[in-house]
Protein chains: 2
Amino acid sequence: MKVCKFGGTSVASAQQIRKVASIIKADPARRIVVVSAPGKRHSGDVKVTDLLIRLASAALMGESIQQPLQAVIDRYTEIADELGLDRDIIDIIRADLSDRLRADSGQHDLYIDSIKAAGEDNSAKLIAAYFTSIGMQAEYVNPHTAGLFVNDPPERAQALPESYSQLAALSDKPSITVFPGFFAYTKDGMLRTFDRGGSDITGSILAAAVKAELYENFTDVDCVFAANPQVVDNPVEIEQMTYREMRELSYAGFAVLHDEALMPAYRASVPLCIRNTNNPSAPGTMIVAERADSPRPVTGISADSGFSTLYVGKYLMNREVGFGRKLLQILEEEEISYEHIPSGIDNLSVILRSHQLDDEKEQRIIERVKNELQADDVHIRNDFSMVVLVGEGMNNNKGLTARAAAAFARTNVNIEMINQGSSEVSLVFGILKEDEGKILNELYKEFFAPALVGQ
Amino acid sequence: MKVCKFGGTSVASAQQIRKVASIIKADPARRIVVVSAPGKRHSGDVKVTDLLIRLASAALMGESIQQPLQAVIDRYTEIADELGLDRDIIDIIRADLSDRLRADSGQHDLYIDSIKAAGEDNSAKLIAAYFTSIGMQAEYVNPHTAGLFVNDPPERAQALPESYSQLAALSDKPSITVFPGFFAYTKDGMLRTFDRGGSDITGSILAAAVKAELYENFTDVDCVFAANPQVVDNPVEIEQMTYREMRELSYAGFAVLHDEALMPAYRASVPLCIRNTNNPSAPGTMIVAERADSPRPVTGISADSGFSTLYVGKYLMNREVGFGRKLLQILEEEEISYEHIPSGIDNLSVILRSHQLDDEKEQRIIERVKNELQADDVHIRNDFSMVVLVGEGMNNNKGLTARAAAAFARTNVNIEMINQGSSEVSLVFGILKEDEGKILNELYKEFFAPALVGQ
């Protein structure tokens, strides 16, 4: 049995949903279909999710909801009409939205979540109706009915362990399951969304629960590339990579699959495949537990901007037991998480994601570190990027650091930081953001450009 | 005014002490002389300090002290006789030792410290007597009389701020001050020793207090070498380096000057010179606040063994706010200080000095990290070395990491860890101890070997 997840662009229009149907029909093992809300049909388009956010905010502000509500219904109506469905499905969607809008809006976040989730939920109902209309045996299944339960706030939503055994029953259904992604319920029946990774997480949970032979994640690219195609010309396709490699790459800027979505599949040893709804004959990128050795030591190169460095200098810092711990304590109290901590004798730097900072917070952290830790020199610098080389077995590849460092030297890009030594699959370089494109291209050339004949 | 400190081998015998006298006479600016206890005269010899430890331990064990006491007195007697001093000085030394031995031995550590300090104290008395005997105007000055006060236990001994103003009066003395290194007193009159850096610290404090133009640290080598001469053949001499460079080098295995001894001179901007008592015409190595640019990006390369790595792996560790802080807290509670913390997404490693661990502590730390932090994988590996490249302006030298990494690739030495990014003057590589000699030689060749003509 295979679980297939279709992203927003894959269900954005009638034309796209027809592709989904033919993909499902092409392989009888494809028994569970997880769907997103209709996404953009073209670059200037608005996603249904964004229409729903507009609707929710109008409702919360006490503004008229008529126009934003109609915009949502129009999108579904257009799809239903083009698919030749009767208007019953639109009545169902309209009723569903009315119920959600009438619900208690005391907790704004939960109210918005519930209205956003209407995107996926009604997408699943509509697609199940379409499948049925063309003679496929298909059934919309609600996460609550199926037993996909999550923990209570304030922790971010995560599937409860019992969900997996309850969802396992989906594999016994005679019909194809069409399941909305992105949301689930607490044991008390409260709707919660997976805020990072969305529908990919739902698909991963279902694949793990039914012990699928494969979790196919359909999107709008043929595969994962070894480097960002917007920066590097025609990067090579990655045919196969390990979960660990995918996680490191997605963590450092590869937007294909959120690393949290890998977890359930990884834990259940279900292989993943990233495929293209618009080109289903392309083999895609397989993500597996172990892969065959590759002649290339590097599987992918990613870069992510938006990092800041908190530098702390204090003479004889290394003699002071607990200094690092106290610094991390201050950051924890300021709700800052960090990525790397390079250190010298008298100084250490904390590299963190800049979005966690604002001017006031920066000032307060600097003051606290100066006063509470009696530091001599404290400052924050912004506009750093992290460049990550990812590849299994990298820690035993003796010339790899030298090759990477030579690429930096050739481009005259300064290495602001290196983090090597804990991860077996990645090597991280800190650089100035302005150097990102230059060094990405040079590293790509070093590790992926085909060697010329005779060299 | 210059402050001169003479180490153990420089005052080990009458012959050596005559060299000290001629060095002092050669420059009238040399007004303060700090001395160690007589050290080894040859490789099989026993230092006076070790004789004193033997004496103290006999006294504490209730054994006969006659023989170990006589061994100490014999050393001083031999020196005094060869210097042609009369036996008054030996009576003084004998009386001093008797006083110390009779003191309250309730606190063993303090008792041992007091007896050890007799080595420097009587060395200073003897050398002052010798200077006087050859017509130099010289005076033994006791740290208590001069006002060199330190803090109370249990913190390690550090000069109190008021010491500096009190010691400044030494610059007004008409005679040359001969001052014992290594010890000072609390305000209550309790003797305490500088356990790391010893007499070097005393010299540094005095140099800072009198605002000396130079602090000359006389030892038994001509200079500081760019690499360990026991590992690398004929390394180049370092003519000049900055305080920061010296600190990084001494921290990572350069035994010439303990980094704590640099602090007072550094803070008072007193330049230091490492010189050779046995070859006073050699210019030595100058340690200064700022140095002229050098064509070489690396000033010195050091390596230090005795490091261990605590590896901690936990899936989705990077999502867990406070994980690193909690780990450091456990280490703090176990009284472990650490050097570096390389980190991956799901793992981090803590690099620490192995002497802090024993089997029981290792086991307990592993158990605590597993249980208290619910880590998936925790282990400790030993026998690592840290190789440190030191040089001012290193963080802006773009090809440097590439050159170093190429040296690793050539020797096939695996880089277990890199720490670059906080210190401006050092680049640290973690390696297996067994690779130390090989990579030190290759790095030396890379950064110091003269380029061949025509290349």
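Look above for the structure.
So, a few notes on the structure that sits alongside this text.

Thresholds, definitions, all that
Residues numbered from 1 in each chain as written. Chains lettered and ligands numbered in written order. Predicted model: local features only at pLDDT ≥ 70, side-chain atom pairs only at ≥ 80, totals over all residues. Heavy atoms only, no water. Helix = DSSP H or I, 4+ residues; strand = E, 2+ residues; numbered from the N terminus. Rg over C-alpha atoms; globule rule 2.2 N^0.38 Å. Buried < 20%, exposed > 50% of the residue type's maximum accessible area, 1.4 Å probe, protein only. Contact = heavy atoms within 4.5 Å. Lys, Arg positive; Asp, Glu negative; His and termini not counted. Charge placed at Lys NZ, Arg CZ, Asp CG, Glu CD. Least-squares fit on C-alpha atoms with pLDDT ≥ 70 in both. Expected span 1.5 Å × (residues − 1). Phe/Tyr/Trp six-rings, centres within 6.5 Å; stacked < 30°, edge-to-face > 60°. Buried area = accessible area lost by both parts, 1.4 Å probe. Salt bridge = Lys/Arg side-chain N within 4 Å of Asp/Glu carboxyl O. Polar contact = N/O pair within 3.5 Å; in protein donor to acceptor, adjacent residues only side chain to side chain. Pairing = 2+ DSSP bridges. Axes fitted to C-alpha atoms, helices over the stretch in contact; angles between N-to-C directions. Left-handed = near helix turned anticlockwise from the far one by under 90°. Nonpolar A, V, L, I, M, F, W, Y, C, P; charged D, E, K, R; others polar.

### Some words on the overall build of chain A
- Each helix and strand in chain A was counted, giving 14 helices and 18 strands.
- Relative to the globule expectation of 23 Å for 455 residues, the C-alpha radius of gyration of chain A, 25 Å, shows essentially globular dimensions.
- If one aligns the C-alpha atoms of chain A with their principal axes, the spans along those axes are about 75 × 65 × 40 Å.
- In chain A, which comprises 455 residues, the share counted as buried stands at 58%.
- Partitioning the intrachain contacts of chain A with sequence separation of at least 6 by distance along the chain shows that 74% fall at a separation of at least 24.
- Here chain A holds 46 positive side-chain charges and 64 negative ones, and the gap between their average locations is 3 Å.

### Structural notes on the relation of the copies chain B and chain A
- Superposition record for chain B on chain A: RMSD 0.1 Å, screw rotation 179 degrees, translation along axis 0.0 Å. Here the transformation between the copies is reduced to the relation of a two-fold axis.

### As for unusual backbone geometry
- Here the residue pair Pro153(A) and Pro154(A) is connected by a cis peptide bond, since its omega of 5 degrees sits within 30 degrees of zero.
- Mapped onto the fold, Pro154(A) is located in the loop between α6 (143-146) and α7 (161-167).
- In this model, Lys211(B) sits at a positive phi of 50 degrees, which is unusual for a non-glycine residue.
- With respect to the element layout, Lys211(B) can be found in the loop between α8 (198-209) and β7 (214-219).
- Unusually for a residue other than glycine, Gln374(B) sits at a positive phi of about 50 degrees.
- Position of Gln374(B) relative to the elements: it lies in the loop between α12 (359-372) and β16 (377-390).

### Thoughts on helix α5 (residues 108-133) of chain A
Residue and element names in this part refer to chain A.
- Across its 26 residues, α5 extends 38 Å between first and last C-alpha, which sits within 8% of the 38 Å expected from 1.5 Å per residue.
- Extensive coverage of α5 is indicated by the burial of 20 of its 26 residues.
- Following α5 by one or two positions, Gly135 adopts a phi angle in the positive range, close to 90 degrees.

### Focus on the packing of aromatic side chains
- Counted under the stated rule, the structure contains 14 aromatic pairs over all chains.
- On the numbers, 5.0 Å between centres and 15 degrees between planes, the contact of Tyr444(A) with Phe448(A) is stacked. Here the residue Tyr444(A) and the residue Phe448(A) both occupy positions in helix α14 (residues 436-448), the gap between them amounting to four residues, near one helical turn.
- Taking the relative accessible area as the measure of exposure, Tyr444(A) reaches 10% and is therefore buried.
- Judged by relative accessible area, which is 3%, Phe448(A) ranks as buried.
- Pairing Tyr243(B) with Tyr266(B) gives two aromatic rings, centres 5.2 Å apart and planes at 80 degrees, and the pair type is edge-to-face.

### Examining the interface of chain B and chain A
- Taken residue by residue, the interface counts 57 residues in chain B and 57 residues in chain A.
- Interface area, chain B with chain A, both sides summed: about 5000 Å², of which 51% is carbon and sulfur.
- Among the residues of chain B in contact with chain A, Tyr315(B), Arg319(B) and Lys398(B) are the three that bury the most area, contributing 15% of the side total.
- In this structure, the connection of chain B to chain A is made through four salt bridges.
- Here Arg247(B) and Asp346(A) are joined by a salt bridge, their closest N and O atoms 2.0 Å apart.
- Joining chain B to chain A, the criterion identifies 14 residue pairs in polar contact (both at pLDDT 80 or more).
- Taken together, the elements giving at least two residues each to the side of chain B that touches chain A come down to α9 (243-251), α10 (259-267), α11 (323-333), β14 (338-340), β15 (347-353), α13 (400-411) and β17 (417-420) of chain B.
- With six residues, α10(B) is the single largest residue contributor to the side of chain B that touches chain A.
- Summarising the sheet, strand β17 (residues 417-420) of chain A and β17(B) pair through three bridges and their orientation is antiparallel. Counterpart to Asn419(A) in the pairing with β17(B) is Asn419(B).

### Here we look at the environment of Arg275(B)
Residue and element names in this part refer to chain B.
- Of note, Arg275 is situated in strand β11 (residues 272-276).
- Once the C-alpha coordinates of Arg275 and Phe6 are considered, the two residues, 269 residues apart in sequence, prove to be 9.6 Å apart.
- Apart from residues no more than four positions distant in its own chain, Arg275 is found in contact with Arg30, Glu216, Asn217, Phe218, Thr219, Val221, Pro280, Ala282 and Pro283.
- Looking at Arg275, its side chain comes within polar contact range of the main-chain oxygen of Ala282, at 3.1 Å.

### Comments concerning the pattern of salt bridges
All names here are of chain A.
- Per the counting criterion, the structure on display carries 68 salt bridges over all chains.
- Here Glu78 and Arg41 are joined by a salt bridge, their closest N and O atoms 3.4 Å apart. Taken as a pair, Glu78 in helix α3 (residues 66-82) and Arg41 in the loop between β2 (30-35) and α2 (48-61) lie far apart in primary sequence, 37 residues in all.
- For Arg41, a relative accessible area of 35% translates into the label partly exposed.
- Salt bridges here are not isolated pairs; linked through shared partners, they connect Glu333, Glu334, Glu360, Arg364, Arg368 and Glu372.

### Describing the packing of helix α2 (residues 48-61) of chain B against helix α5 (residues 108-133) of chain B
Residue and element names in this part refer to chain B.
- Axis separation between α2 and α5 bottoms out at 9 Å; the angle between their running directions is 145 degrees. At the point where α2 passes α5, the crossing takes the right-handed sense. Two secondary-structure elements touch here, α2 through Val48, Thr49, Leu52, Ile53, Leu55, Ala56, Ala59 and Leu60 and α5 through His108, Tyr111, Ile112, Ile115, Lys116, Ala118, Gly119 and Glu120.
- Residues of the contact of α2 with α5, tallied by class, amount to eleven nonpolar, three polar and two charged.

So far we have only geometry, and geometry alone does not tell us how the molecule works.
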